Structure formats: C-alpha cells, structure tokens
Amino acid sequence: MILVDSTIVSVATPAIQHGLHTDINSAVWVTSAYLLAYAVPLLVTGRLGDRFGPRRLYLIGLAVFTLSSLWCGLTGSIGMLIAARVVQGFGAALMTPQTMSVITRTFPGERRGQAMSLWGAVAGVATLVGPVLGGVITENWGWEWIFYVNVPVGVIGFALAWWLVPTLPVHTHSFDWVGVALSGAGLFCLVFGIQEGESYHWGTMWGVVSVPALIVVGVALMVVFVWWQSRIKADPLVPLVLFKDRNFSLANVAICVVGFVITSFALPMMIYAQVVRGLSPIESGLLFVPMAILAAILSPVVGHLVDRYHPRLIAGFGLTCLAVGLFWLGTAIGPDTPTWQLILPLIVLGLANGFMWSPISVTATRTLPPQRAGAGSGVYNMTRQMGAVIGSAAIAAVMQARLAHHLGSSAGDFSATRGGTTQVHLPPAVAEGFARAMGEAIYLPAAVAVLAIAAALFFRNPHKPRTMPEQPKEQATAIN
C-alpha cells in the first residue's frame, strides 16, 4: 500500500490538475511531498523500531497513514492535498523500516533469501500496480478514491498486524537529532531547488534565494551530515560501519537508482498517454499490465534463484533490462506510435522488475547482524526513497525543459488545461512536440539506470560466510 501510493498518483495527475484547477508543477508536488516526507524520517524511524519495538511503530504508522489517506480524499485544494500527503508520507516512514527489520531479525541468514525475495517482489509489483489501479479508480470513481481505497485496506492491515506480527526484543538507543535536522534540511533544499528551478528559469526565487545556491546548500548540508555521523561515537543516525560492507554500500547505490528510475519514468509516460494519445486513465494504466503480470510471475522464480546463485548475475540482468527498456520506450514514443510498439519495451521493463528487486535487497541485508537490523533497514529504505524523491523532482524539471524546447511558452497551457479530459485532440505539430518532450524526458531515468548496472557488477557473493566488521568487546557486551 505504501509503494502503490508512490506511483498511483502519476496516472491521476491530469485529473487532479483539472479537478483542483492547478498547473503540472503543483500537481507533481502531490507526489514529491509524499516522497519527501517519506524519505527524510526513515533513518530515525528505523532506530525507533529498535528502541520501542517494530510491531508498535508499524501499528502507529499504519494508523497515521490510513487516517491521512482519508484526509487526502476529502481535501478540496491543492495546498491541503499536498499537506495531507506530507502526513501520509510520515506514516509510511514509520512503517517501512519495521518490515525489513522483522524479516532480518526472525529469519537466519541461510533462509533470509527467500523471505527478502518475497519482500522485494511485493515492492516491485506494487510500484507497477499503482498506475493500473489508479487508472481504474480515477475513471470510475474520481481521483479522490485513489486515497479512499487505502482506508479499508489499512483497517484490515491493522487488525492482521496486531494479531500476527511478533513482539521482538528491543535495544536501547539514543537519538542523533542534529543528524536528523541536517539530513532533513539538506534533502529538502536539494529537492526543492531541483523541482522549482525550471519555474524560476534557474534564477532567483521570490527575489531572495538563488536556485543554484539552494541546491549547493542542500549538497553542503548532506556533506556536513556525513561528517557529523563520523564524529558521533554512540548511536549515530547512520552507523558508517555499515558501509564497510561492500555489498551493503553497492546495494544502496543500486536501490537509490531503482527508486529514481521507477518513480520518474511513470509520470511522463502517463501524461503522454492521456494528453497526446487521448487515452482514458484506465487505458493509460492498462499499458502497465504486461509489466506487472510478468514481474509477478517471475518474482517467485527469482526468489529461489537468489539463494543459490550470485546476485551479480541476477541483478545485473534485471538492471540491464531496465536501462534497455527505458531507452527503447523513449525512442518509441510518438503521437501515432502503435500500442504494440509501446508494449514491447514495457515487457522488457517487466523482466527488469522481476529480476532486480530481490537480489538487491538480499545483497543489502544478508550479512546484517540483528542489532544493526533497524539501522540497516532505515538506511536502505531511505536511500531508495531519496532516489525516488530526487527522481520525482528531476523528471518534473526535465519535462518542463523539454516542453519549453519543443512548444515554447504554450507548453504549460496544454499540460494544465487539457489534463482532465478523457479525449484530447492536439494539433499535429503540438502533438509531435509534446510526444517528443515526454520521450526525451524518459532518457533521464534510462541514463541513470546505467549506474545501478555498474554497482551490481561489483557485488560479492553473499552466500559465502562473511560478517560485518567486529565491534569493540565492551560495545558488544553492552548490546547483549
């Protein structure tokens, strides 16, 4: 449900623009606000699960998520919708690290592969189900129901978690609030600057703040955050010892890229399908069905392979399919492209989702000791969501830039005023320019996907016995 909500808004973006009378950049913030509020607290919420118990934090987060979903559906303005999505993202942040932490702490290393493969499979399928489910719901009941649908699911999930999720031992931790402030401020400056830069022509916002300066400040704060973590001796927010494990470091690079790619490519694809092709939300969402079906079929098979074969082979194949499929899709997009020519690269992306999620997650968690489970899960999920946040912001900037290049000053008018219709008839010259702008935007996540391939090439085989760096004897005694 958390991951579906990361992508479900993409297909409903034109309807939200039309219903709330807003522009494309404000509508994109409906996704970016959620992802930002989701990503920033993940480091501390993973640690809170270690301190107060993952079951308790999961139930609190699920309650917050469910109630804020109801608020999202009831809101009548874009500002209130963005505010509700911030609260919803915070609820998601409370929940997510607890899921990986429970798996890491309840399954021994030799059995953790299949368990994490199922977790990874759910993550992969969920991100693809979002656009399909969003299309069906938006067309039949309106965009509000993409949020209302979370309420019964949340209630049922709360009851099942209360009944079935075990109560695990807790570990005493202090909290690095300076680190929380540095990481939150740095990520916000970075994302806000990237997304709003095109709107202000990369100049000055509100006559006060330079966009490039804001981005530089964001990067600087993140650098200071890493330095601060190296100075904290007791319970840093991010234990840098985790990154002495090569697999954990490389898996975090790979999942950050995957978060960037999956979040960023869906938005131009959905806008192209509805604005240029005139497809309904349902028809747009159905374009993703082959991806979701193929990923669902392959994920259980890949789960068995992950415990037997080197993840470099499995993840490398999936990530290569990801880059190839996206480049192919960007090239294929045009105003009159036959649907089957769009489906072929989407099938390749289905192969990618079937093969990449599980080996990356297993590579990251295979050697984590129980006392590091919360911190490791928080870092892993934070890097994935950080990629998603930056991807959402970056794709908005790229789409605006390519639309301005192809259509000039009229670009915003077409993307905003035509967004809520089910049938669109653009002039041929405009349709051609709009289609090329969306196709060229998809080249961005395609290029970024190559970085994940490079990371996977250097994975070590986690099936060979390997442990985290030893802790000082007195620290290990205190933890025990």
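Residues numbered from 1 in each chain as written. Predicted model: local features only at pLDDT ≥ 70, side-chain atom pairs only at ≥ 80, totals over all residues. Heavy atoms only, no water.

When helices and strands are counted, the chain shows 19 helices and 2 strands. For the chain, buried positions account for 60% of its 480 residues. In the chain, 84% of the contacts between residues at least 6 apart in sequence involve partners at least 24 apart. Carbon and sulfur atoms form 69% of the exposed surface of the chain, whose accessible area is close to 18500 Å². (Helix = DSSP H or I, 4+ residues; strand = E, 2+ residues; numbered from the N terminus. Buried < 20%, exposed > 50% of the residue type's maximum accessible area, 1.4 Å probe, protein only. Contact = heavy atoms within 4.5 Å. Areas by Shrake-Rupley, 256 points an atom, 1.4 Å probe, with all protein chains shown as cover.)

Attention now moves to the environment of G91. Examined against the element boundaries, G91 turns out to sit in helix α5 (residues 78–106). On the basis of relative accessibility, which here comes to 0%, the residue G91 falls in the buried class. Separated by 30 residues in sequence, G91 and G61 have C-alpha atoms that sit 4.3 Å apart. Among all residues touching G91, those that are not within four sequence positions of it are G61, V64 and F65.

Before going further, it helps to examine a nonpolar patch on the surface. Nonpolar side chains collect at one region of the surface, where I156, L160, W163 and L164 lie side by side and expose about 490 Å² of accessible area between them. Along the chain, W163 turns up in helix α8 (residues 150–164). (Patch = residues over 30% accessible without salt bridge, like charges linked within 9 Å, V, L, I, M, F, W, Y side chains within 5 Å. Salt bridge = Lys/Arg side-chain N within 4 Å of Asp/Glu carboxyl O.)

Next up on the list: the environment of A396. Within the fold, A396 resides in helix α16 (residues 373–407). Accessibility expressed as a relative area gives 3% for A396, which makes it buried. A C-alpha to C-alpha distance of 7.0 Å links A396 and V28, two positions 368 residues apart in sequence.

This part covers the packing of aromatic side chains. Counted according to the given criterion, the structure contains 8 aromatic pairs. With a centroid separation of 6.3 Å and 85° between ring planes, the pair formed by W143 and F147 is classed as edge-to-face. Each member of the pair, W143 as well as F147, is classed as buried. Taken together, a centroid distance of 6.2 Å and an interplanar angle of 25° make the contact between F158 and W162 stacked. Pair noted here: F158 and W162 are both in helix α8, with a separation of 4 residues, about one helical turn. (Phe/Tyr/Trp six-rings, centres within 6.5 Å; stacked < 30°, edge-to-face > 60°.)

The terminal C-alpha atoms of helix α4 (residues 54–74), which comprises 21 residues, lie 30 Å apart, in line with the 30 Å expected from a rise of 1.5 Å per residue. Buried residues of α4: P54, R55, L57, L59, G61, L62, F65, T66, S68, S69, C72 and G73, and no others. (Expected span 1.5 Å × (residues − 1).)

Attention shifts here to the side chain of R436. Relative to the elements of secondary structure, R436 occurs in helix α18 (residues 428–456). Lacking a salt bridge, the buried R436 has E440 as its closest oppositely charged neighbour, with an N-O distance of 4.1 Å. Dropping the residues within four chain positions of it, R436 is found in contact with G330, T331, I333, H406 and Y443. (Lys, Arg positive; Asp, Glu negative; His and termini not counted.)

Mapped onto the fold, T263 is located in helix α11 (residues 246–276). On the basis of relative accessibility, which here comes to 13%, the residue T263 falls in the buried class. If we ignore the near neighbours within four places in the chain, the residues touching T263 are L35, A388 and S392.

All right, on to the nonpolar core then. Residues M269, F288, L346 and I360 are the most contacted members of the largest nonpolar core, which totals 143 residues. For this core, the element with the most residues is α11, which contributes 20 residues. Here I360 is in contact with A251, A254, I255, V258, A315, L319 and Y380, once residues within four sequence places are set aside. (Core = buried A, V, L, I, M, F, W, Y, C linked by side-chain atoms within 4.5 Å.)

What follows covers the packing of α4 against α8. Following both chains from N to C, one finds α4 and α8 inclined at 165°, their axes separated by 9 Å at the closest point. In terms of orientation, α4 and α8 fall into the roughly antiparallel class. Considering how the two elements wind past one another, α4 and α8 form a crossing that is left-handed. Of the residues in α8, those in contact with R55, Y58, L59, L62, A63, F65, T66, S69 and L70 of α4 are N150, V151, G154, G157, F158, A161 and W162. When grouped by side-chain class, the residues that make up the contact of α4 with α8 number 10 nonpolar, 5 polar and 1 charged. (Axes fitted to C-alpha atoms, helices over the stretch in contact; angles between N-to-C directions. Parallel < 35°, antiparallel > 145°, perpendicular 65-115°, else oblique. Left-handed = near helix turned anticlockwise from the far one by under 90°. Nonpolar A, V, L, I, M, F, W, Y, C, P; charged D, E, K, R; others polar.)

Moving on, we come to the pattern of salt bridges. Inspection of every chain in the model, using the stated rule, returns 1 salt bridge. Put simply, R402 and E440 hold a salt bridge, and the shortest N to O gap is 2.8 Å. Of this pair, R402 sits in helix α16 while E440 sits in helix α18, and the two are 38 residues apart along the sequence.

Moving on, we come to the environment of V224. Considering the arrangement of structural elements, one finds V224 in helix α10 (residues 211–231). On a C-alpha basis, the gap between V224 and G179 in space is 9.2 Å, while along the polypeptide they are 45 residues apart.

Turning next to the packing of helix α13 (residues 289–306) against helix α15 (residues 339–365). Axis separation between α13 and α15 bottoms out at 8 Å; the angle between their running directions is 30°. In terms of their interaxial angle, α13 and α15 are classed as roughly parallel. Helix-helix and strand crossings are classified by hand; for α13 and α15 the assignment is right-handed. Two secondary-structure elements touch here, α13 through P290, M291, L294, A295, L298, S299, V302 and V306 and α15 through I343, L346, I347, L349, G350, L351, N353, G354, F355, S358, P359 and V362.

Model confidence for the chain is summarised by a mean pLDDT of 80, while 85% of its residues fall at 70 or above. Averaged over each element, pLDDT in the chain is lowest for helix α19 (residues 473–479) (41) and highest for helix α14 (residues 311–332) (93). Note on residues 414–424: pLDDT is under 50 here. Beyond four places in sequence and across chains, it has 27 contacts. (pLDDT = per-residue confidence, 0-100.)

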